[in-house]
Amino acid sequence: MKQQAAAASTLATRPLGRNRWKPLGIQAGLIAAPFLLFGLFLMFYDVNPISLYGSMISSTFGDLYGFGEVLIKATPIILTGLAAALPARAGMINVGGEGQLAIGALFATWFAVFYLHSMPFWLGIPLMLIAGALGGATWAGITAFLKVRGNLNETISSLLLNYVAVFTVGFFVHGLLKDPESFNWPFSPEIAATLRLPIVNGTRLHVGIVIALALVAVVWYVLKYTRLGFRIRVLGSNNLAAERAGFKVSWMQVGVLLAAGALAGVAGMIEIAGIEGRLRPATGANYGYLGFLAAWMAWNSPIRLVFTAFILGMITVAGNSLEISSGLPSSSVHILMGLVLFFLLGIGRRFSR
Amino acid sequence: MSMKTSSKLFGLVLALVMLITGCSQPGVTPAPASGANAEGGEASAAPGTDSPAVGFIFVGARDDFGYNQAAYLGSMAVEKAYPDMKVLRSENVPETAEAERVMEQMIKDGAKIIFPTSYGHLDPALNVAKRHPDVAFFHQGGLKTAENLGTYFGTIWEPVYLAGVAAGKMSESGKLGYIVSVPIPQVLLNVNAFQLGAQSVNPDATTSVVFTGSWCDPGQQANAANSLIDSGVDVLSQHQDCTKTVIETSERRGAMTIGYHANAATLAPQGWITGSVWNWSDLFVDMVDTAIKGEFKGSKYDGKFRGRLSENIVQLTEMGSEVPDDVKQFVEEKKAELVAGTLSPFAGPVLDQAGEVRFAEGEEPTLDELEAADFLVQGVIGNIPK
Amino acid sequence: MITDILTGAIRSGTSVMYASQGELISERAGVINLGTEGSMLCGALGGFAVTVWTGNPWLGTLAGGLCGLLISMIHAFLVLTCGANQLATGLTIMFFGMGITSFFGRGFVSEQIVGFNPVPIPLLSEIPFLGKVLFNHDPLTYLSFILVPLLWYLLFRTRLGVILRATGEREDVLFASGINPQLIRYAAVLAGGFLAGVGGVQLSVAFTHSWVENMVQGRGVVAVALVIFASWLPFRAMLGAYLFGAAQALQLTVQQTGLGISPFFLFMVPYILTLAALYIVERKKRSQTPEALRKVFTGTSAG
């Protein structure tokens, strides 16, 4: 086990082999392969793949609105992706982004509705952001507690807690947080206009993407240039070495999980303050899982994550136009997403060799 | 992956992104203009006029023997009535801001008439409506309206009340079961109407209500149906989006069943009593017609429209073959009274579970009051979160 | 009432139980497969579709199992041959399964099938209490009663079982005796996929007689969690699955009593109970974790 770990760490640091260009060609081929496969699949169903991919690109880059839509989609994926990538660097697997986002959204809405509604934006929005982070961290804290005190694997517990989170949000929007003016429909009151994130004219794009990118920069910097980041990476590559080096492994694990939860919680806050304006039972559904996949596509690198999140955002957005234009169910793009990931996962190890 | 490859890949993607954005630069400029124009320039055109396409968004699958199937049938009727019009559909659209994008896409594809068919699509629809004053929106089941957004629904609780009457007559144990999703007003109103109907013919009848927490989870539905039947319930009704599983389960267990949303008599040849269903077809066609002619504003559809049993927009299906003639006749009589307006299911006094008076003696609640139901009537067993 | 809850536990726990037995085989060989959810979905649809076409639920069961197996083959290939991360691959399979089944399943939502129905076992079902709880179920449920002891026997009393367990614990021993552990792992993952598929069939063809998009609703995820709760022992996994089923049945029974508990709390009960059970079990001992799995969990194998 130790040897393996050592081997893994040398693997990661060894520079690329002799042939520099061949891998790039293979990479390009492998990235194109799932799209080709899915194209064949579409042709089977009488859909022209070229026009689909064409409209996918043109609806993303063709106008500001479409580009904004993809960025809106990418924003929470980036953050939940960070929530998966950061623990992954420390050797943990957090699949709980989904629940952490939901509880983050719940906390953010709760504070926005009950305490922050009359505050000026420069005070209210940051406080709401903190509330969201707190919510996500709280939810991740359960996972951390179970891990450190109960030896309970964080993958399983964070996954199960996602289901609990959905019902928790349901409980609040059907009860304590129900909008009194909603004629008893299950959603929270709308948050004050001052708490809404500023948007770009003519689109729904809000400044959330800037927050997300800033947090990417922070995580990247911490991991790469700080002592804390170094320790996290040591912990990730070799648990025992970290212990021997005198790190407080448990505390570090707790800290990393809390930070991850906070990041996902911020995503929840951004969904509320940027897009939805109020909490609903299904707010942010699926972003946690998409984020996890984006993180793996990016091999847990914060910088690359920005791109993978963008690509996943693009694919999801394309799903709707596919259904409207061709009648294929929007879930068909899950197939494309799966293919892309399969290829990336399949070549992952050989990539790094 | 080493730093070098990653930065190379990085550069590649970046270049690609820049290339593509660069290429489409000319396209960027008109886009915001169209958004801005829509607010000022075209305001004179009545929403929906001469629309070349109509868009329908559904919250679930189109053939679920339920809510979405009913709306889907409506969209089919529109397609048939206007062969030259493009009908755009999108299923499984979540009730979040996600729906906004779907509607925007439909508008891009030419739709000037949009049917968001689930209550949760209301806020997104209101947002989109604000941006596109030239598009007419017909939202199903909402309580809010806008300049170019009207809501429509049917008083489905009327047939549900009649189904309750039939159930009360048919049940031997006097124990009825109602499998529902989440405690929203539409659901509570139906449960109440059902219980009041059953109570009117059997004062001892009770309705046990079970929440599944989901609009369509067959596993949970089968659990709930079995659990209710085990506890002695002999007539099952439901308020779910997909209704097949509960009906089939109750048929297999030898219980009787009341359908909802769509006629599913074929699923339960033995136990089918009756069902409450939507008849959107004529209504949808009429709404599209109104909008195309540019008459949306000022028509009965630009505000809150509620189709009644008397207008045949909500219906009670035919009774099952096992239902005796005297019951059939009795329900028909009640239906006639309801249509004529001599029978009013919610006329006071109506007491809630705690025995508190919700509608006082002699009081006749308005439709708005009914649609904001937040209580269960006496005789319903079950609990709603406060 | 207790009879009802216990009967309900078996009714709604059986699909989870099949999946968790499958996952157990796979994890014993050192491969965790979060794609169980996807396998169950594929099984549920495949089984339903073939039952629609042929009218024979047994053919449906076979087909559903094969569908579950096919999708787990992707997992096996990526993880074992390509060395991909097990958890990420599993999650991808879960998504892929959702996509592919909702795509191909669209035409089956309104289909009707006869499927499996409860067959009371003569004499045995007459026994008060036990008869109703145990001997009034569909054939797949009876089959699952037999499966568990069989699996236990296989794991702990046969040479194949020794090999399987060694694959997850001490590879080097296997190499020494000339057996290729990769092959065993492949077989274990595929067998796991097959059983998960059958679990899906139980849900669609025996329990609900319906197919609806994403109808598994997290049962596959629970199955994976239960295996850990069960410390990789078949009988415990069975117990766990029935506990989960009982929690669901109890939840419904409590609702019907009209007690003043929010249904949303009741919905959480099965998941919280699973977590609590895991917490209690894992706190006490962890030595039983197959060595190869521990590496996955601690991130020391596969990147």
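Residues numbered from 1 in each chain as written. Chains lettered and ligands numbered in written order. Predicted model: local features only at pLDDT ≥ 70, side-chain atom pairs only at ≥ 80, totals over all residues. Heavy atoms only, no water.

Caption draft 1: Inspection of the overall build of chain C at higher detail. Secondary structure assignment for chain C yields 13 helices and 2 strands. Whereas a compact globule of 303 residues would reach a radius of gyration of roughly 19 Å, chain C reaches 19 Å, a difference of no more than 12%. Along the longest, intermediate and shortest principal axes, the C-alpha atoms of chain C span 60 × 45 × 40 Å. The 303 residues of chain C split such that 66% are buried. Expressed as a percentage of contacts within chain C between residues at least 6 apart in sequence, the contacts between residues at least 24 apart total 76%. Working note: accessible area of chain C is about 10,300 Å², and carbon and sulfur atoms make up 70% of it. (Helix = DSSP H or I, 4+ residues; strand = E, 2+ residues; numbered from the N terminus. Rg over C-alpha atoms; globule rule 2.2 N^0.38 Å. Buried < 20%, exposed > 50% of the residue type's maximum accessible area, 1.4 Å probe, protein only. Contact = heavy atoms within 4.5 Å. Areas by Shrake-Rupley, 256 points an atom, 1.4 Å probe, with all protein chains shown as cover.)

Caption draft 2: Focus on the packing of aromatic side chains. Applying the stated criterion to the full structure yields 52 aromatic pairs over all chains. Seen in terms of ring centroids, Y45(A) and F103(C) are 4.9 Å apart; in terms of plane orientation they differ by 85°. Their pairing is edge-to-face. Residue Y45(A) is located in the loop between α2 (21-44) and α3 (49-61), and its partner F103(C) is located in helix α4 (residues 86-104); the two belong to separate chains. Y45(A) gets classed as partly exposed once you look at its relative accessible area, which sits at 30%. Overall, the relative accessible area of 7% leaves F103(C) in the buried class. (Phe/Tyr/Trp six-rings, centres within 6.5 Å; stacked < 30°, edge-to-face > 60°.)

Caption draft 3: Quick peek at the packing of helix α8 (residues 208-225) of chain A against helix α9 (residues 227-237) of chain A. Residue and element names in this part refer to chain A. Direction vectors running N to C along α8 and α9 enclose 75°, while the axes themselves pass 5 Å from each other. Relative to α9, the element α8 is oriented roughly perpendicular. Here V222, L223, K224 and Y225 of α8 lie close against α9, whose contacting residues are R227, L228, G229, F230, I232 and R233. Among the residues forming the contact of α8 with α9, the class breakdown is 6 nonpolar, 1 polar and 3 charged. (Axes fitted to C-alpha atoms, helices over the stretch in contact; angles between N-to-C directions. Parallel < 35°, antiparallel > 145°, perpendicular 65-115°, else oblique. Nonpolar A, V, L, I, M, F, W, Y, C, P; charged D, E, K, R; others polar.)

Caption draft 4: Local environment of the interface of chain A and chain C. Taken together, the contact between chain A and chain C spans 52 residues of the former and 53 residues of the latter. Note on chain A versus chain C: buried area summed over both sides is about 4,800 Å², and carbon and sulfur give 76% of it. Linking chain A with chain C are 0 residue pairs in polar contact (both at pLDDT 80 or more). Those elements that place two or more of their residues in the side of chain A that touches chain C are α1 (2-13), α6 (121-150), α7 (154-174), α12 (287-297) and α14 (332-352) of chain A. The element contributing the most residues to the side of chain A that touches chain C is α7(A), with 14 residues. Along the lines of polarity and charge, the residues of the side of chain A that touches chain C split into 29 nonpolar, 19 polar and 4 charged. (Buried area = accessible area lost by both parts, 1.4 Å probe. Polar contact = N/O pair within 3.5 Å; in protein donor to acceptor, adjacent residues only side chain to side chain.)

Caption draft 5: Spatial organisation of helix α2 (residues 36-54) of chain C. Residue and element names in this part refer to chain C. Helix length check: α2 (19 residues) gives 26 Å between terminal C-alpha atoms against 27 Å at 1.5 Å per residue, within 8%. The buried fraction of α2 amounts to 16 of the 19 residues, a majority that puts the element mostly inside the structure. Trailing α2 by a residue or two, G55 shows a phi angle of about 75°, which is positive. (Expected span 1.5 Å × (residues − 1).)

Caption draft 6: Region of the structure containing the state of the cysteines. Overall, the coordinates contain 1 disulfide over all chains when judged by the stated rule. A disulfide bridge connects C216(B) with C242(B), and the sulfur atoms are separated by 2.0 Å. The sign of the 110° torsion about the S-S bond sets the C216(B)-C242(B) disulfide as right-handed. Placement of the pair is C216(B) in the loop between β7 (206-211) and α9 (218-230) and C242(B) in the loop between β8 (235-239) and α10 (244-252), with a sequence separation of 26 residues. C42(C) takes part in no disulfide bond, and the closest cysteine sulfur to it belongs to C67(C), at a distance of 6.5 Å. A residue is classified by how much of its surface remains accessible, and C42(C), at 10% relative accessible area, is buried. Its sulfur unpaired, C82(C) is 19 Å from the next cysteine sulfur, which belongs to C42(C). (Disulfide = S-S within 2.5 Å.)

Caption draft 7: Representation of the pattern of salt bridges within the structure. Taken as a whole, this structure holds 33 salt bridges over all chains when the rule is applied. Notably, a salt bridge pairs R196(A) with E190(A), separated by 4.0 Å at the nearest N-O pair. Exposure remark for E190(A): the relative accessible area of 49% places this residue in the partly exposed category. Between K132(C) and D230(B) there is a salt bridge whose closest N-O contact spans 3.9 Å. Of the two residues, K132(C) sits in helix α5 (residues 130-134) while D230(B) sits in helix α9, which places them in two different chains. (Salt bridge = Lys/Arg side-chain N within 4 Å of Asp/Glu carboxyl O.)

Caption draft 8: Structural context of the nonpolar core. Membership of the largest hydrophobic core comes to 289 residues, with the highest contact counts inside it found for M128(A), F115(B) and W280(B). In terms of residue count, the dominant contributor to this core is helix α11 (residues 249-276) of chain A (16 residues). For W280(B), the residues in contact, after removing those within four places along its chain, are A70(B), A71(B), G74(B), Q140(B), Y152(B), F153(B), G154(B) and I313(B). (Core = buried A, V, L, I, M, F, W, Y, C linked by side-chain atoms within 4.5 Å.)

Caption draft 9: Expanded view of the sheet that holds strand β5 (residues 149-154) of chain B. Residue and element names in this part refer to chain B. Spatial ordering of the open sheet is given by β2-β1-β3-β4-β5-β11, a layout of 6 strands whose pairing is parallel. Lying at the two open borders of the sheet, with one neighbouring strand each, are β2 (86-90) and β11 (304-307). Recorded for the sheet is a direction-independent mean angle of 20° between the axes of neighbouring strands. Set on the sheet, helix α11 (residues 281-292) makes contact with β1 (53-57), β3 (111-116), β4 (136-140), β5 and β11; between it and β3 the angle comes to about 150°. (Pairing = 2+ DSSP bridges.)

Caption draft 10: Quick look at a nonpolar patch on the surface. All names here are of chain C. On the surface, I2, L6, L124, I127, F129 and L130 cluster together into a nonpolar patch covering about 510 Å² of accessible area. Tracing the sequence through the fold places L124 in the loop between β1 (119-120) and α5. Classification of L124 as partly exposed rests on a relative accessible area of 36%. (Patch = residues over 30% accessible without salt bridge, like charges linked within 9 Å, V, L, I, M, F, W, Y side chains within 5 Å.)

Caption draft 11: Spatial organisation of the packing of α2(C) against helix α3 (residues 57-81) of chain C. Residue and element names in this part refer to chain C. Look at α2 against α3: their axes get within 7 Å of each other, and the N-to-C directions meet at 150°. Like other packed secondary-structure pairs, α2 and α3 cross with a definite hand, here right-handed. Packed against α2, whose contacting residues are G38, S39, C42, G43, G46, G47, V50, T51 and T54, the element α3 presents P57, L59, G60, A63, G64, C67, G68, I71 and S72 at the interface. Residue composition of the contact of α2 with α3, by class: 7 nonpolar, 11 polar and no charged. (Left-handed = near helix turned anticlockwise from the far one by under 90°.)

Caption draft 12: Quick peek at the sheet that holds strand β12 (residues 314-316) of chain B. The strand order across the open sheet formed by 7 strands is β12-β10-β9-β8-β6-β7-β15 (chain B), and the pairing between neighbours is mixed. Pairing within the sheet leaves two strands with one partner each, and these edge strands are β12 and β15 (380-381) of chain B. In this sheet, β12(B) lies alongside strand β10 (residues 272-278) of chain B in antiparallel orientation, the contact comprising 3 bridges. Across the sheet, V277(B) pairs through a bridge with Q315(B), a residue of β12(B). On the sheet, helix α11 (residues 234-257) of chain C packs against β7 and β15 of chain B and is oriented at approximately 140° with respect to β7(B).

Caption draft 13: Structural detail: the side chain of S188(A). By the secondary structure assignment, S188(A) is in the loop between α7 and α8. Residue contacts for S188(A): discarding those within four places in its chain leaves T109(A), V173(A), L177(A), D179(A), R278(A) and L279(A).

Caption draft 14: Layout of the side chain of T212(B). Topologically, T212(B) is positioned in the loop between β7 and α9. Residue class for T212(B) comes out buried when judged on its relative accessible area of 6%. Side-chain polar atoms of T212(B) contact the backbone oxygen of S214(B), separated by 2.9 Å. Here the side chain of T212(B) touches Q240(B) through a polar contact of 3.1 Å, side chain to side chain. Among all residues touching T212(B), those that are not within four sequence positions of it are I179(B), V180(B), S181(B), Q220(B), A224(B), Q240(B) and F267(C).

Caption draft 15: Local environment of unusual backbone geometry. The peptide bond linking G348(B) to P349(B) adopts the cis configuration, its omega dihedral lying at 0°. Here P349(B) lies in the loop between α12 (325-340) and β13 (350-351). Non-glycine residue N286(A) carries a positive phi angle of around 80°. Counting through the fold element by element, N286(A) comes out in the loop between α11 and α12. Overall, N286(A) belongs to the partly exposed group, its relative accessible area being 34%. In this structure, Q217(C) is a non-glycine residue whose phi angle is positive, near 50°. As for its position among the elements, Q217(C) is in the loop between α9 (181-207) and α10 (219-229).

Caption draft 16: Seen up close, the pairing of β7(B). Residue and element names in this part refer to chain B. A large share of β7 lies buried, amounting to 5 of its 6 residues. In terms of strand pairing, strand β6 (residues 175-180) meets β7 through 6 bridges, oriented parallel. Pairing of G177 across the sheet is with S208, part of β7. Running through helix α8 (residues 185-201), the crossover from β6 to the neighbouring parallel element β7 is right-handed. (Right-handed = clockwise from strand over helix to strand, strands pointing away.)

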